[in-house]
Amino acid sequence: MVASTSVASVSISSLPDAIKNGESLASLRRMVVGELEYTTIQQQPGKYLAVDCEMVGVGINGAESSLARVSLVNYHGAVIMDEFVLQRERVVDYRTEFSGIRPTDMINAKPFVEVQEKVAQLLKDRILVGHAVHNDLKALLLSHPRHQTRDTQLEAKKHKLTRSSRPALRHLVQQELNIVIQSGEHSSVRAVKHTLSLNLLLNPRFEQVTDARATMAVYRIHRKVWDKGHPPLSSTISSGKKRKRTPSSDHESGSEDEDRPASKTSSHNTKQFPGGGRKGVSSGLSTVTRHTGKSSIGHGSSNLETKNAWWKELGNGSSGSKGSLRMKFG
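Residues numbered from 1 in each chain as written. Predicted model: local features only at pLDDT ≥ 70, side-chain atom pairs only at ≥ 80, totals over all residues. Heavy atoms only, no water.

Asker: Can you walk me through the overall build of the protein in this structure?
Answerer: From N to C terminus, the protein includes 12 helices and 10 strands. For the protein, the proportion of its 330 residues judged to be buried stands at 39%. Put simply, of all contacts in the protein between residues at least 6 apart along the chain, 60% involve residues at least 24 apart. Accessible surface for the protein amounts to roughly 20,100 Å². Of this, 53% is attributable to carbon and sulfur atoms. (Helix = DSSP H or I, 4+ residues; strand = E, 2+ residues; numbered from the N terminus. Buried < 20%, exposed > 50% of the residue type's maximum accessible area, 1.4 Å probe, protein only. Contact = heavy atoms within 4.5 Å. Areas by Shrake-Rupley, 256 points an atom, 1.4 Å probe, with all protein chains shown as cover.)

So, in structure tokens, the structure goes:
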């Protein structure tokens, strides 16, 4: 990476610098192509993480997509995670032209569950940045709170950065940073057009600079505007810790149900299930009831029936009477 910096900087530095919304475009360009060097602190996950995933083709004619690579970078563009995913089915099409993935990349690939768990832990209590990020979350079989998600495609549409309702990442990057990405092989970590060939000669792994970095760069330019309307991350985390949680909400901390107000009749945000019971407690199961310090299990006991023989009290009050009925007319 260091050896390629001097070669890449010739073309990057030739582009004009400007300050946009407090961000140096020259610095962001260098971040995208991987020229920046990071301090120990800048290599920590931090508050923001950008994600990008790459897929390969499995099944008949490779028509089905399977997650093959996941990359996460922080606010500064430092790579926090870059893992290949072990395929359970035979890969029919590596889609190298688009994914940048080759058969040799699968040698040290990790199981999907292991990669998924690592991503989930990293994203917990952090703001997730992505382009059409719902696709990445779908591939990972994960969810994330909407108020902690920043989708550059949706935000670009909302704030009318382009005429397109679903602008491509390469178009946003070219418009905002005046550089071209995705002109050759795609990968979740990829290089800019005019530096790709030179850097690959010196470092074959340089093609892994990242799409996620480009997404983070676009977000940083518009962060102050795009973050308006979203609650501060610190407040959402603290409120989440104070709220009592059920086992189901702990398992899916990123569900959309957390955005909805809790029920006024209960301090727990429990989910209702058919039959009126709660998750894990069926309304048809026997339960323990307590009466005057004694407990009985099920639908009652003989002691309870004897003590509460209320039908013997009907009628004239005699213990042997089964009761009587009078009809009064007029």
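Asker: It is not clear to me how the environment of tyrosine 219 should be interpreted in this structure. Could you clarify?
Answerer: For tyrosine 219, the location among the structural elements is in helix 9 (residues 211–226). Judged by relative accessible area, which is 0%, tyrosine 219 ranks as buried. Expressed as a C-alpha distance, the spacing of tyrosine 219 and aspartate 151, which sit 68 residues apart in the sequence, is 8.6 Å. Filtering out sequence-adjacent residues up to four positions away, tyrosine 219 remains in contact with Tyr48, Val129, Arg150, Thr152, Trp226 and Asp227.

Asker: What am I meant to see in helix 9 here?
Answerer: Of all the bends in helix 9, the greatest measures close to 45° and is centred on arginine 220. Within helix 9, 13 of the 16 residues are buried, which leaves it mostly tucked inside the rest of the structure. (Bend = angle between axes of the 7 residues up to and from the residue.)

Asker: Explain helix 5 (residues 133–140) here, please?
Answerer: Think of an α-helix as 3.6 residues a turn; residues three or four steps apart then line up on the same face. Among all positions of helix 5, only Val133, Asp136, Leu137, Ala139 and Leu140 are buried. Along the axis of helix 5, the buried residues cluster in a sector spanning 160°; they form a single face. Structurally, helix 5 contributes buried residues whose contacts are with strand 3 (48–58), strand 4 (64–74), helix 4 (112–123), strand 7 (127–130) and strand 8 (149–151). Just downstream of helix 5, leucine 141 is the residue with a positive phi angle, here 55°. (Arc of directions from axis to C-beta.)

Asker: Where do I start with the pattern of salt bridges in this structure?
Answerer: A side chain with one charge can pair with a side chain of the opposite charge if their charged atoms come near. According to the stated counting rule, one finds seven salt bridges in the structure shown. Put simply, aspartate 82 and arginine 69 hold a salt bridge, and the shortest N to O gap is 2.6 Å. With a gap of 13 residues between them, aspartate 82 in strand 5 (residues 79–84) and arginine 69 in strand 4 connect regions that are remote in the sequence. Judged by its relative accessible area of 25%, aspartate 82 falls in the partly exposed class. (Salt bridge = Lys/Arg side-chain N within 4 Å of Asp/Glu carboxyl O.)

Asker: Even after reading the chapter, I still don't get the pairing of strand 5, so can you show me in this structure?
Answerer: A regular strand places its side chains on the two faces of the sheet in alternate fashion. Here strand 4 pairs with strand 5 via five bridges, running antiparallel. Paired with leucine 72 across the bridge in strand 5 is methionine 81. Taking the residues between adjacent antiparallel strands as the criterion, strand 4 and strand 5 are bridged by four residues, where glycine 77 takes a positive phi near 95°. (Pairing = 2+ DSSP bridges.)

Asker: What am I meant to see in the packing of helix 7 (residues 169–177) against helix 9 here?
Answerer: Helix packing for two helices is described by the angle between their axes and how far apart those axes are. Closest axis-to-axis distance for the helix 7/helix 9 pair is 10 Å, and the angle between their directions is 50°. Of the possible angle classes, the one that applies to helix 7 and helix 9 is oblique. Where helix 7 crosses over helix 9, the handedness of that crossing is left-handed. Of the residues in helix 9, those in contact with Leu169, Leu172, Val173, Glu176 and Leu177 of helix 7 are Asp211, Ala214, Thr215, Ala217, Val218, Ile221 and His222. When grouped by side-chain class, the residues that make up the contact of helix 7 with helix 9 number eight nonpolar, two polar and two charged. (Axes fitted to C-alpha atoms, helices over the stretch in contact; angles between N-to-C directions. Parallel < 35°, antiparallel > 145°, perpendicular 65-115°, else oblique. Left-handed = near helix turned anticlockwise from the far one by under 90°. Nonpolar A, V, L, I, M, F, W, Y, C, P; charged D, E, K, R; others polar.)

Asker: What exactly am I supposed to notice about the packing of helix 2 (residues 25–32) against helix 9 here?
Answerer: Look at helix 2 against helix 9: their axes get within 8 Å of each other, and the N-to-C directions meet at 160°. Relative to helix 9, the element helix 2 lies roughly antiparallel. The handedness of the crossing between helix 2 and helix 9 comes out as right-handed. Within the contact between the two elements, helix 2 uses Leu25, Leu28, Met31 and Val32 and helix 9 uses Arg213, Ala214, Met216, Ala217, Arg220 and Ile221. In terms of residue class, the contact of helix 2 with helix 9 is built from eight nonpolar, no polar and two charged.

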